[in-house]
Amino acid sequence: MAGKLAVIGAGLMGSGIAQVAAQSGWDVVLRDVTDEALTRGTDSIKTSYDRFVAKGKLAAVDADAALGRITATTDLDAAADADLVVEAVFEKLEVKHEIFRALDKIVRPDAVLASNTSAIPITKIAAVTERPDRVVGVHFFSPVPMMQLVELVRGYKTSDQALAAAREFAESTGKTCIVVNRDVAGFVTTRLISALVVEAAKLYESGVATAEDIDLACRLGFGHAMGPLATADLTGVDILLHATSNIYTESQDEKFAPPELMRRMVDAGDIGRKSGQGFYTY
């Protein structure tokens, strides 16, 4: 399958989705609100392709062809003729509502609108559109070019056809899908990692063990590739704080209540690798 894809948001997730889609033959419109954001996004895509070429995992001619299939723009109307749109903006419902209200008026009636949200119920996002049956969750994982999993989320009114189109798209980029049939906040994967990160942060906050030892326990004891606190730093402590807060607000389940330490880290700007300081120093 290949067609026309619009990706809204040129950050780490959006540019990664654009990258794997273009490499798989999709014509991609990558949209963000500033030229600076678009330059950062397209530069990261080119850098990633260059790495794959250097490692012999991608032919230079194929990398050039994939780059040629990506069009960067600040104009949301460029999504008008897309077969599928993937939103990958900040994890705030108000921000997503603004995007989906606009897209609902712009894109074709038969287009599928997807959100890359990791925690916000798809039904809430779809509610501001006139086509809730065409809205679906398509949750990629970071870094998108390396991670195999995509979590497909069925909103309360998501049709079988929209879910099938989302699966076809994700699988066309070489990903493996799981389906979330009940639209709970955090879905499957974010609920699992959030519960683990919250408990790990509480153990660290209370002095039970160091960050290094907590992560080592998960790596050697449970076979995790990366411990929960290192994962928080990679993903962004701020991102996980938003995710856990969203899940806690929806579920009122105390195991998702983020500890004060995470809130203070975000207040201080210690949000992980991207700031140089999180649970670890980089």
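Residues numbered from 1 in each chain as written. Predicted model: local features only at pLDDT ≥ 70, side-chain atom pairs only at ≥ 80, totals over all residues. Heavy atoms only, no water.

Novice: Help me understand the sheet that holds strand S5 (residues 112-115) in this model?
Specialist: Paired through their backbone hydrogen bonds, the strands of a sheet run either parallel or antiparallel. Here we have 8 strands laid out as an open sheet, ordered S3-S2-S1-S4-S5-S6-S7-S8, and mixed in their pairing. A single partner strand is all that each edge strand has here, and the edge strands are strand S3 (70-73) and strand S8 (176-180). For this sheet the average axis-to-axis angle between neighbouring strands, irrespective of direction, equals 25 degrees. The sheet contact formed by strand S4 (residues 84-87) and S5 spans 4 bridges and is parallel. Pairing of Glu87 across the sheet is with Ser115, part of S5. (Pairing = 2+ DSSP bridges. Helix = DSSP H or I, 4+ residues; strand = E, 2+ residues; numbered from the N terminus. Axes fitted to C-alpha atoms, helices over the stretch in contact; angles between N-to-C directions.)

Novice: So what exactly am I meant to see when it comes to the packing of helix H7 (residues 189-205) against helix H9 (residues 228-235) here?
Specialist: The angle between the axes and the distance between the axes are what describe a pair of packed helices. Contact geometry of H7 with H9 gives a least axis separation of 9 Å together with a crossing angle of 110 degrees. The orientation of H7 with respect to H9, classified from their angle, is roughly perpendicular. In this structure, the crossing between H7 and H9 has a hand that is left-handed. Facing Ile193, Leu196, Val197, Ala200, Ala201 and Tyr204 of H7, the residues of H9 in contact are Pro228, Leu229, Thr231 and Ala232. Of the residues assigned to the contact of H7 with H9, the class counts are 9 nonpolar, 1 polar and no charged. (Parallel < 35°, antiparallel > 145°, perpendicular 65-115°, else oblique. Left-handed = near helix turned anticlockwise from the far one by under 90°. Contact = heavy atoms within 4.5 Å. Nonpolar A, V, L, I, M, F, W, Y, C, P; charged D, E, K, R; others polar.)

Novice: Whenever I open this one, the pairing of strand S2 (residues 27-31) confuses me. Can you help?
Specialist: Strand residues, when the strand is regular, have side chains that alternate between the two faces of the sheet. The buried fraction of S2 is high, at 4 of 5 residues. Once the chain exits strand S1 (residues 4-8) it traverses helix H1 (residues 12-23) before rejoining the sheet at S2, and the crossover so formed is right-handed. Judged from the 4 bridges that link them, S2 and S3 form a sheet pairing that is parallel. Each bridged residue has a counterpart across the sheet, and for Val28 the counterpart in S3 is Ile70. (Buried < 20%, exposed > 50% of the residue type's maximum accessible area, 1.4 Å probe, protein only. Right-handed = clockwise from strand over helix to strand, strands pointing away.)

Novice: Looking at this structure, how should I read helix H10 (residues 237-251)?
Specialist: Counting along an α-helix, one turn takes 3.6 residues, and residues three or four places apart therefore face a common direction. In a regular helix each residue adds 1.5 Å, so 15 residues correspond to 21 Å; H10 covers 21 Å between its end C-alpha atoms and thus fits that length. Among the structural elements, H7, H9 and helix H11 (260-268) are those in contact with the buried residues of H10. Just past H10, the residue Gln252 takes up positive phi, approximately 55 degrees. (Expected span 1.5 Å × (residues − 1).)

Novice: Any chance you could explain the packing of H7 against H11 here in plain terms?
Specialist: Look at H7 against H11: their axes get within 8 Å of each other, and the N-to-C directions meet at 90 degrees. Comparing the axis directions of H7 and H11 gives the class roughly perpendicular. Contact with H7, carried on its side by Val197, Ala201, Tyr204 and Glu205, involves Glu260, Leu261 and Met262 of H11 and no other residues of that element.

Novice: How should unusual backbone geometry be read in this particular structure?
Specialist: Among all residues save glycine, negative phi is the norm, and among peptide bonds the norm is trans. The omega torsion of the bond from Ser142 to Pro143 falls at -5 degrees, within 30 degrees of zero and hence cis. Inspection of the secondary structure puts Pro143 in the loop between strand S6 (135-140) and strand S7 (149-154). The backbone of Phe187 shows a phi angle near 55 degrees, a positive value even though the residue is not glycine. The residue Phe187 is located in the loop between S8 and H7 in this model. Backbone geometry places Gln252, a non-glycine residue, at a positive phi of 55 degrees. Within the secondary structure, Gln252 sits in the loop between H10 and H11.

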